[in-house]
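# What the coordinates show
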Amino acid sequence: MDRTRGSLCTCPFLFLAGGAILAALLVAPPLSIEPGRDVTLPALGPPVEPTLDLDPATWWMPAGNSTGFSAAWIDPPEGCGLTAVWFRWAIVGAPVEGALNGTVGPNVTFVASSSVTGTSTLRVRSAAVIDCPGGSTATVGQAEANVTVVAPVAIGDLALAPDPAVPGENVSLAGNLTGGEPPYVVTIAWGGGTSSSLVVGAPGRFSAVHAYPSGTYQPDVVATDSSGRVGQATVDEPLTVSDSTAVGITAPGSSVDVGVTMSFVARVLDEPSGSATGWRCSSDAPAAPASANGTNFSCGFSETGTGEVFFEIDPPVPYLPVSTTLVETVEALPTLVANGSTQVAEVGQPFAVAFNVSGGVPPFRLRWSEVGTSTEGTLSVPSDGRVLVPLDPVLPGSLELVARLVDADGVGTENATTGLFVEPPLNLSASAERSLGATAADLAIDGSASAGAPPFLWIVTPSVAPKNGTALEGSLASIGSFGWAGNYTVVGGVNVSATVVDAAGGFASVTFALEAVAPLVGGLVAGPAPPSTPASFEIDLTLSGGLPPFELNVSASDGARWNLTIRTDGADVLPLNSTVGGPLFLSARVSDSLGSALEWNTSVTVVAPPATPPAPSSPPPSAAPAPLATGTAIALGLAAVGAALAALYLRRHRTPPGAGPRPDATAVLRRIIEPADGADRATVELLAEEAGVPLEEARATIDRLIADGTLRAETDPDGEEVLAWATLGAA
């Protein structure tokens, strides 16, 4: 693996005359340094999950009323903060009717509109971020409330039979109870100062009997449910109780569809012999002869509103005619209309399709089926108004829902059809990426909602807050993608969650465990350099984890120091030069950009550099020198110093005569230049020549090494060319 190294911090070119080697140092295994103050070791989330609370959790309310509901997160872990991000509301299961004033936010209002008493479930889902000292995490919760909608207590279809009645005969009063909360206490004021009560356990039909003396009676009925709600009704037609001639009419109900024939039964008490009977179904029509038996007949009404049913007997003289009139409510024919041409649902999420019922004679029965599937059902509808057909879609695609309504008279509506587009279940696709930059670790989430009912809400929650990053939440108007990225300078794991909720109430979540910056670990071993490079040694450094670049500081027992920059982790072989031979004790420390560090103590035996022969003595002057100018004298003084240094170096590094083949010019130049903090070129050429490299070869080699970048050449303030070894470890 190629490694790119930074600047070589060169130290002074030390020519040590002597000195004792430092006392023996213990060779210790690598020492791990605790992370620096900029490093966090996060916990991956709180140990206790908070709870989503819905208030009120249970509620009953009369139809037509409204009630507010509030959702809130409670019981966060101790010492932690909590922020709710979004709320999504829905009514699931619809045996009763109701509507919400909205579907988002912590508060909604439920408006009851049901004509049937029953219970619906109100559901809220929410996402929240929990902020704890050890980090942050996301949580998604759900809460439900049972909402009982109580329809008004209603009493309908009151009828007395037989009508008329004879004194002392048991008369049955029947009716139908709806709404309220059973059981009911039904109190009947029969008239004439008498009353009675009975308990009715459930909505539906009830009856009671009573014997009357002679007279005319119109009973009044009061029903009180278990919560104190009251309904009241009075029998439409007065009852005649007589021991003389009397007539009455009994009908199947108090209302009829326009144009529908209804059957009636007339009853005559003490009919005089030779009497004739007749009937009519409006106030402006003449009486028609009764049927053969004189009491059973039927008729219909051509206009909505009210219709009169008239029945009479015409006895012979001296008796007077006796008649009665029954008033019927004439309803328009029933209709069934779907609310909307196309409605959107989602597989696996409860859904209700709304229809409107108008006209007709209640109660109704609604039958529905999904075209293209085997799903079908029947609903009992007690009165006209809004009707919800509950669905639990199982197949995605475009469907049709067909419904038909039949009322109590057996009159059916035309089919009402609504389109139903069923989305596939919510699908969240997400992936996580981690990359290590020069100053931080970058974590990213790429997600997409590829199925479900739009719009979508999304949130990304990291367990540790980033140094900086993009938005953590947002919305999608349609199927599409979202993303988040954050930067970290922490050592250890970070949990990142992505959560999506759609308009149908479906939600999906996925969590990724990512390591921001791995802990810094490594090893260091020191050993001698190859025999061809005496006075050198090598350090084998292996690093993994941490945040690059890394700084390596090495100190030797002879006082030498080396500072190196390592750009990436991995394995490196680092050659270093020494000015002495023999045992050398080393102390090494490597640190990353976050302050995490490792230390080692070790030793190495360095091959001594070759001995340098003594410099030749200068010949005696042939004549007394002439006086020199001051500048010339200074120049000669500097030259003398340089010569002295060169002589000292040559005594230590000079190749003795006959010691072997001509030395490698590059190796000799490296040995001279690399330890120096800028070496004068002329001095380097002189030292190379004294080390056995011909002057012309030394100059040519220097030019070549400058050209290929191995040497760095600069001009010092005095205008002299100085050299430095530019690339550590180059050949």
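You'll find the structure just up there.
Since the structure is predicted, the reported quantities are computational estimates derived from the model, not experimental observations.

### Re the overall build of the chain
Along the backbone of the chain there are 4 helices and 52 strands. Within the chain, the proportion of its 731 residues that are buried is 41%. Across the chain, contacts joining residues at least 24 apart in sequence account for 64% of those joining residues at least 6 apart. On the chain, roughly 34500 Å² of surface is accessible, and the fraction owed to carbon and sulfur atoms is 55%.

### A short note on the state of the cysteines
Throughout the structure, instances matching the rule amount to 2 disulfides. Linked covalently through their sulfurs, C281 and C299 form a disulfide whose S-S length is 1.5 Å. Disulfide C281 to C299: torsion about the S-S bond roughly -90°, handedness left-handed. Here C281 is found in the loop between β22 (276–280) and β23 (288–289), whereas its partner C299 is found in strand β24 (residues 296–299), with 18 residues between them in sequence.

### Considering the packing of helix α2 (residues 665–673) against helix α4 (residues 695–707)
When two helices pack together, you describe them by how their axes are tilted relative to each other and by the distance separating the axes. With their axes 10 Å apart at the nearest point, α2 and α4 run at an angle of 75° to one another. Classed by the angle they form, the pair α2 and α4 counts as roughly perpendicular. For the pair formed by α2 and α4, the contact residues are A665, T666 and L669 on the first element and E697, A698, T701, I702, R704 and L705 on the second. Taken together, the residues of the contact of α2 with α4 break down into 5 nonpolar, 2 polar and 2 charged.

### Overview of the side chain of S497
Structurally, S497 is set in strand β41 (residues 493–502). Residue S497 is classed as buried on the basis of its relative accessible area of 7%. A polar contact is formed between the side chain of S497 and the side chain of T511, at a distance of 2.8 Å. Other than its neighbours up to four places away in sequence, S497 contacts A138, I459, V460, T461, V510 and T511.

### Points about the pairing of strand β30 (residues 364–371)
Only one face of β30 is covered, namely the face carrying F364, L366, W368 and E370; the face carrying R365, R367, S369 and V371 is uncovered. Alignment of β30 against strand β31 (residues 376–381), held across 6 bridges, turns out to be antiparallel. Counted as the bridge partner of S369 is E376 from β31. Taking the residues between adjacent antiparallel strands as the criterion, β30 and β31 are bridged by 4 residues, where G372 takes a positive phi near 100°. Across 7 bridges, β30 lies against strand β33 (residues 397–406) in antiparallel orientation. Its bridge partner being in β33, W368 is matched across the sheet by A403.

### Remarks on the packing of α2 against helix α3 (residues 681–690)
At a closest axis distance of 10 Å, the pairing of α2 and α3 adopts a crossing angle of 130°. Judged by the angle between their axes, α2 and α3 are oblique. Considering the relative orientation of α2 and α3, their crossing is right-handed. Of the residues in α3, those touching α2 at V668, L669, I672 and I673 are V684, L687 and A688.

### Comments concerning α2
Along an α-helix, a turn takes 3.6 residues, which lines up residues three or four apart on a common side. In terms of burial, α2 is a largely internal element, 8 of the 9 residues being buried. Two or three places before T666, at the start of α2, stands the capping residue D664, its side-chain oxygen 3.2 Å from that residue's backbone nitrogen.

### Focus on α4
Given a rise of 1.5 Å per residue, 13 residues ought to cover 18 Å, and the 19 Å separating the end C-alpha atoms of α4 matches this to within 8%. For α4, every residue scored as buried is listed here: A698, T701, I702 and L705. An end-on view of α4 places all buried positions within 105° of arc, on one side of the element. Along α4, the residues that are exposed and aim more than 90 degrees away from the buried face are E696 and A707. Looking at the buried positions of α4, the neighbouring elements they touch are α2, α3, β51 (711–715) and β52 (721–725). Just past α4, the residue G709 takes up positive phi, approximately 90°.

### Focus on the sheet that holds strand β42 (residues 507–515)
Taken in spatial order, the 4 strands of this open sheet run β39-β37-β41-β42, and their pairing is antiparallel. Where the open sheet ends on each side, the last strands, each with one partner, are β39 (473–476) and β42. Neighbour-to-neighbour, the strand axes of this sheet turn through a mean angle of 15°, independent of strand direction.

### A word on the environment of S254
Counting through the fold element by element, S254 comes out in the loop between β19 (246–250) and β20 (255–257). Under the relative-accessibility criterion, S254 is labelled partly exposed at 27%. Not counting residues up to four positions away in its chain, the partners in contact with S254 are D157, D236, E328 and T329.

### A word on the packing of aromatic side chains
One pass over the structure, following the stated rule, counts 7 aromatic pairs. Relative to F297, the ring of F264 has its centre 5.7 Å away and its plane inclined at 25°; by these criteria the two rings are stacked. One end of the pair, F264, is in strand β21 (residues 262–269); the other, F297, is in strand β24, and 33 residues separate them in sequence. In this structure an aromatic cluster arises from ring pairing among F264, W279, F297 and F311. When the ring centre of F310 is taken as origin, the NZ or CZ atom of R280, which lies over that ring, is 3.9 Å away.

Calculation notes
Residues numbered from 1 in each chain as written. Predicted model: local features only at pLDDT ≥ 70, side-chain atom pairs only at ≥ 80, totals over all residues. Heavy atoms only, no water. Helix = DSSP H or I, 4+ residues; strand = E, 2+ residues; numbered from the N terminus. Buried < 20%, exposed > 50% of the residue type's maximum accessible area, 1.4 Å probe, protein only. Contact = heavy atoms within 4.5 Å. Areas by Shrake-Rupley, 256 points an atom, 1.4 Å probe, with all protein chains shown as cover. Disulfide = S-S within 2.5 Å. Axes fitted to C-alpha atoms, helices over the stretch in contact; angles between N-to-C directions. Parallel < 35°, antiparallel > 145°, perpendicular 65-115°, else oblique. Nonpolar A, V, L, I, M, F, W, Y, C, P; charged D, E, K, R; others polar. Polar contact = N/O pair within 3.5 Å; in protein donor to acceptor, adjacent residues only side chain to side chain. Pairing = 2+ DSSP bridges. Left-handed = near helix turned anticlockwise from the far one by under 90°. Expected span 1.5 Å × (residues − 1). Arc of directions from axis to C-beta. Phe/Tyr/Trp six-rings, centres within 6.5 Å; stacked < 30°, edge-to-face > 60°. Lys NZ or Arg CZ within 6 Å of the ring centre and 35° of its normal.

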